[in-house]
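Coordinate analysis (summary)
Chain residues, written in single-letter form:
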Amino acid sequence: MNTTNDSVRRYNRFVLAMCGLSGLLYGIDVGLIAAALPYIKETCGFSPSELSSIVAAVLLGAIPGSFVAAQVAERCGRLASFRLTAIVFAVAVPLICFSHGSYALMMAGRLLQGVGCALVGLAAPLYMAECAPPENRGKGTGMIQLVLTVGLVVAALVGFGVTALFGAAESPDVSVSAKNAAWQAIFWFSAIPTVFLFAGSFFLRESPRWLFKRGRVEEARRSLEATSDAAGVELALREMAENAAAETAKSAGGATVKETLLQRKYVLPFLIAFLVMCLTQATGINSVLNYSVVLMQKAGLAGSLANVSDTVIKFANFAMTIVALSLVDRKGRKFLLSLGTAGVVAGLALVGLAFLGLERGWLAAGPLAGWLATGGFVLFISAYGVGPGVCVWLANSELMPIRIRANGMMIAGYGNAATSWAIAQSFLPWSAAWGESGVFFTLAGVAVLYFLVAAFVLPETKGKTLEEIERYFTKK
């Protein structure tokens, strides 16, 4: 029996579990607002614009959160980001639950949740990319997205359970105090994973590439030994040393040591990652997840049926993410992202057609229109799960060279968060002005651009070490 290999397997499973827990926390916090929003709308007296701001606040908070995440990850280490994530969420939830109708307090809590999501959205894929062996990096990073979808399903089930326990938000028979207790219970639930994330982070080893970059070679070796066999350890150390030697040689020849995103060898991978991050959110994914219950109610699914539809949509995301995980290291990132974005276009177009039928009077609001819209959302979310859901994490963490990885991911994260916030913030007034059909047809048009980037611009990175990917862009 090879005890070393057994130890490596156990530790790699623990790394997967911890990064997965990060995804679970992210998914729960993104998904819970869909279930809580109808109760908040009924009890807190907020205007439509204030409700939109509360929904979008998580996405707005992710913008400064990306800066904080990058600085903490780069200066204090990747593990510090996990711990700070747990602390931020632990502060955010009580602020929301004790807001008692205060718009300022609820906004503050939601903004903090956004900071926490940005922290975990950078820390988990960055840590996984730098620690996982190349042959498993796709599955490992994809596991974050898989458990994120589990978090979304859990959030939908919590909403369904709360509706069954407290009653539907729109029911006049349910008291205001019960409705208040309903949305508070939903948010309190999100605090549970933070305890496990904080405690578990103390049993992880620091990223070997972060350690090597700071000259802590022996610590980097010990970190690698926890995740790889002897041959993998030596290969990783040799490639890191070769890259460092190449930079030293440039410095000796008079080249500048300071690395910035403006150097030619970094511009292309950065722009590709930035585009993928922004276009992922430009599909409207977060707005669909946040407003799904409200949209289904508008289409004609009343009461708990809207929550059932929301659960179906999020379970489809989970199921197709499992499919993506089984294919990402076999078929590759480019194939999955091209396939997924094509399906996203079709799903958004179908949702647009369902709402166009409602707006033109071809369909009446009711079960038929509601389940037709649900079918479009299921196609959209399934295609998203197969392609963008998994591949967006990989594009952002794999394409960036080590010397700018944290800051490059931070800037791409800005674009991702800003795009998501802009759509969520404007979703309700945009729908009022253009109709839901106009919104979804526009999003489908943007998804066509995403397909073109995936099919003709994105390079394939499956099976390559991070150092090999970096050399690809320098043509060496």
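As a reminder, the structure under discussion sits directly above these lines.
In this report, the structure presented in the accompanying data block is examined. Everything quoted here is computed from the prediction, not taken from an experiment. (Residues numbered from 1 in each chain as written. Predicted model: local features only at pLDDT ≥ 70, side-chain atom pairs only at ≥ 80, totals over all residues. Heavy atoms only, no water.)

Considering the packing of aromatic side chains
Defined as follows: Only Phe, Tyr and Trp rings are paired, with Trp represented by its six-membered ring, and only when their centres lie within 6.5 Å; those with planes under 30 degrees apart are stacked, over 60 edge-to-face, the remainder tilted. Working definition: helices are DSSP H or I runs of at least four residues, strands are E runs of at least two. Numbering for both runs from the N terminus. Each residue's exposure class comes from its accessible area (1.4 Å probe, protein chains only) as a fraction of the maximum for that residue type: buried when under 20%, exposed when over 50%, partly exposed otherwise. By definition, being over a ring means that NZ of Lys or CZ of Arg is both within 6 Å of the ring centre and within 35 degrees of the ring normal.
On inspection of all chains with the given rule, the structure shows 12 aromatic pairs. Taking 6.2 Å as the distance between ring centres and 80° as the angle between the ring planes, the aromatic pair formed by Trp 183 and Phe 187 counts as edge-to-face. Here Trp 183 and its partner Phe 187 are both found in helix α6 (residues 176–189), four residues apart, which amounts to about one turn of the helix. By relative accessible area, which is 0% here, Trp 183 ends up buried. Phe 187 gets classed as buried once you look at its relative accessible area, which sits at 1%. Aromatic pair Phe 198 and Phe 202: ring centres 5.3 Å apart, planes at 75°, arrangement edge-to-face. Among the aromatic residues, those joined into a ring-pair cluster are Phe 355, Phe 377, Phe 427 and Phe 440. The positively charged end of Arg 83 is found above the aromatic ring belonging to Phe 202, 4.2 Å away from the centroid. Against the face of Phe 335 rests Lys 331, its NZ or CZ located 6.0 Å from the ring centre.

Observations concerning a positive patch on the surface
This is how it is decided: Here the term patch refers to residues with relative accessible area over 30% and no salt bridge, with like charges joined within 9 Å and nonpolar side chains (Val, Leu, Ile, Met, Phe, Trp, Tyr) within 5 Å. Surface exposure here means Shrake-Rupley accessible area, sampled with a 1.4 Å probe, where a residue is shielded only by the protein chains that are shown. Salt bridges are defined as contacts in which a side-chain nitrogen from Lys or Arg sits within 4 Å of a carboxyl oxygen from Asp or Glu. Counting rule applied: Lys, Arg positive; Asp, Glu negative; His and chain ends not counted. Each charge is placed at NZ for Lys, CZ for Arg, CG for Asp and CD for Glu.
Together, Arg 330, Lys 331, Lys 462 and Lys 464 give the surface a local cluster of positive charge. Inspection of the secondary structure assignment puts Lys 462 in the loop between α17 (405–456) and α18 (466–474).

Remarks on empty space enclosed by the protein
Worth spelling out the cut-off: Space inside and on the surface of the protein is sampled on a 1 Å grid over the protein atoms alone, with a cavity defined as a set of points where a 1.4 Å probe fits but cannot get out and a pocket as an open set with protein on both sides within 12 Å along at least 5 of 7 lines; lining residues have an atom within 4 Å of a point. Grid points are joined across faces, edges and corners, and a volume is the space filled by probe spheres set on the points. For this classification, the nonpolar set comprises Ala, Val, Leu, Ile, Met, Phe, Trp, Tyr, Cys and Pro, the charged set comprises Asp, Glu, Lys and Arg, and every other residue, Gly included, is treated as polar.
A complete count under the given rule lists four cavities of 30 Å³ or more for this structure. The space that makes up the largest cavity amounts to roughly 480 Å³. Tyr 26, Met 277, Gln 281, Trp 393 and Asn 416 are, among the 30 residues lining the largest cavity, the residues nearest its centre. Within the residue set of the lining of the largest cavity, elements represented by two or more residues are α1 (3–43), α2 (48–75), α4 (103–131), α5 (137–166), α11 (264–282), α12 (285–299), α16 (388–398) and α17. The leading source of residues in the lining of the largest cavity is α17, at six residues. When the residues that make up the lining of the largest cavity are grouped by side-chain class, the tally is 19 nonpolar, 11 polar and no charged. Considering the residues around the second largest cavity, the lining is formed by 13 residues, among which Pro 38, Tyr 39, Thr 163, Ala 169 and Asn 307 are closest to the centre. Listed by contribution, the elements that provide at least two residues to the lining of the second largest cavity are α1, α5 and α12. Broken down by class, the residue content of the lining of the second largest cavity amounts to seven nonpolar, five polar and one charged.

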